[in-house]
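Residues per chain are reported as follows:
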Amino acid sequence: MTADRKAGEQFGSVFPHLITQDLPNLVAIKDADFSDVDAVFCCLPHGTTQEIIKGLPQQLKIVDLSADFRLRNINEYAEWYGHAHRAPELQEEAVYGLTEVLRDEIRNARLVANPGCYPTSIQLPLVPLIKAKLIKLSNIIIDAKSGVTGAGRGAKEANLYTEIAEGIHAYGIKGHRHVPEVEQGLSEAAESKVTISFTPNLICMKRGMQSTMFVEMAPGVTVSDLYQHLKSTYEGEEFVKLLNGSNVPHTRHVVGSNYCFMNVFEDRIPGRAIIISVIDNLVKGASGQAVQNLNLMMGLPENMGLQYQPLFP
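Keep in mind that this is a model prediction, so the values were computed, not measured.

Novice: Help me understand the sheet that holds strand β10 (residues 209-216), please; the structure alone is not making it clear to me.
Specialist: Pairing between sheet strands relies on hydrogen bonds along the backbone, with the strands arranged either parallel or antiparallel. As summarised here, the arrangement of the seven strands in space is β8-β9-β7-β10-β13-β12-β11, forming an open sheet in which the pairing is mixed. Of all the strands in the sheet, just β8 (168-170) and β11 (240-242) have a single pairing partner and so form its edges. Averaged over neighbouring strand pairs, the angle between their axes works out to 20 degrees when direction is ignored. Judged from the seven bridges that link them, strand β12 (residues 260-266) and strand β13 (residues 272-279) form a sheet pairing that is antiparallel.

Here it is as structure tokens:
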């Protein structure tokens, strides 16, 4: 377990909730011994992972939780992240880790780019519907809301209690870095360019994410058709659940779990539908999906370590 400024400290002193566990002290990356390691989770800031992974032994299986390998087009990466990609040769072998959609590719991968939280909650419902040509590619509007942990653990003025308490605020309007990631996945599903309207919002809660998607159905398609297709797509999936009837997904029902709950509703505007999906941004939106992906890569049961039920209330 590596660290930067916390190197040398006991893991339990950095994360006191794990003080009962017998865990090794944190070490600097330069002091880490990878000779007896099978796999690596990279949880480094965007822009730093490329150089680190370039220097790791070739036999390691790697799941990267940063955005460094999510965008296949390195020019698009440079445009959105403000610097040239530093490992284009690794980008060519990286597999995008949306588990339920790209399971076979992930199973055979050495390097997996773990998806972002917003893209996970959005693509799980929309990719199957786009592939089946049940919704139009234009006028896809997404309103998404995330708990404060989505902004990381660093001390930032915008994340102070008095800045976020008792309120909600939109951010990254027109320019959020998850937009090209979502559009990449939807465009691949459609086999043509898809452009979305996306607004993320920060909610005063620790964890949880809700994406509300407004879509226009293809001619002759009904809300029931959307529901039935999602039902057949995810019927055998352990972690993606389509709710029954008119039940509305709530973030509190997935907290602490690797689940994605979703449902489809008829819009008051004829020909349109509203899709709501919820995840825990730290689990299915990050570390849980990372474990799910590594399980596949290592030939382990996909649900290993992920069967904790949501914590309620």
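Novice: Even after reading the chapter, I still don't get the pattern of salt bridges, so can you show me in this structure?
Specialist: Two side chains of opposite charge can pair, provided their charged atoms sit close to one another. A full pass over the atoms with the stated rule returns 14 salt bridges. Residues Arg70 and Glu181 are paired through a salt bridge, measuring 3.4 Å at the closest nitrogen-oxygen approach. Of this pair, Arg70 sits in the loop between β4 (61-64) and α3 (74-81) while Glu181 sits in helix α8 (residues 178-190), placing them 111 residues apart in sequence. The residues Arg70 and Glu181 share a single accessibility class, namely buried. The salt bridge partner of Asp280 is Arg207, with a shortest N-O separation of 2.8 Å. Of this pair, Asp280 sits in the loop between β13 and α10 (283-298) while Arg207 sits in the loop between β9 (196-203) and β10; the two residues are 73 residues apart in sequence, bridging distant segments of the chain. For Arg207, a relative accessible area of 30% gives the class partly exposed. Overlapping salt bridges, with partners in common, bring together Arg103, Glu237 and Glu302 in one network.

Novice: Would you mind going over the side chain of Thr251 with me for this structure?
Specialist: Along the polypeptide, Thr251 turns up in the loop between β11 and β12. With residues near it in sequence (within four places) discarded, Thr251 still touches Met205, Gly208, Met209, Gln210 and Val278.

Novice: Help me out: how do you make sense of the pairing of β10 in this one?
Specialist: Taken residue by residue, a regular strand's side chains alternate between the two faces of the sheet. Pairing of strand β7 (residues 140-146) with β10, which is carried by six bridges, proceeds in the antiparallel orientation. Along β10, the bridge assignment pairs Ile142 with Met213. Relative to β13, β10 is paired through eight bridges, and the arrangement is antiparallel. If you follow Phe214 over to β13, its bridge partner there is Ile274.

Novice: I would appreciate a short explanation of α10 in the present structure.
Specialist: An α-helical segment advances 3.6 residues per turn. Residues three or four places apart therefore align on the same side. Under the 1.5 Å per step criterion, the end-to-end length of α10 is only 19 Å for 16 residues, more than 12% shorter than the ideal 22 Å. Of all the bends found along α10, the most pronounced is centred on Gln289 and spans about 45 degrees. Of all 16 residues in α10, 13 are buried; the element is thus mostly enclosed. Just beyond α10, the residue with positive phi is Gly299, at close to 75 degrees.

Rules behind the numbers
- Residues numbered from 1 in each chain as written.
- Predicted model: local features only at pLDDT ≥ 70, side-chain atom pairs only at ≥ 80, totals over all residues.
- Heavy atoms only, no water.
- Pairing = 2+ DSSP bridges.
- Helix = DSSP H or I, 4+ residues; strand = E, 2+ residues; numbered from the N terminus.
- Axes fitted to C-alpha atoms, helices over the stretch in contact; angles between N-to-C directions.
- Salt bridge = Lys/Arg side-chain N within 4 Å of Asp/Glu carboxyl O.
- Buried < 20%, exposed > 50% of the residue type's maximum accessible area, 1.4 Å probe, protein only.
- Contact = heavy atoms within 4.5 Å.
- Expected span 1.5 Å × (residues − 1).
- Bend = angle between axes of the 7 residues up to and from the residue.

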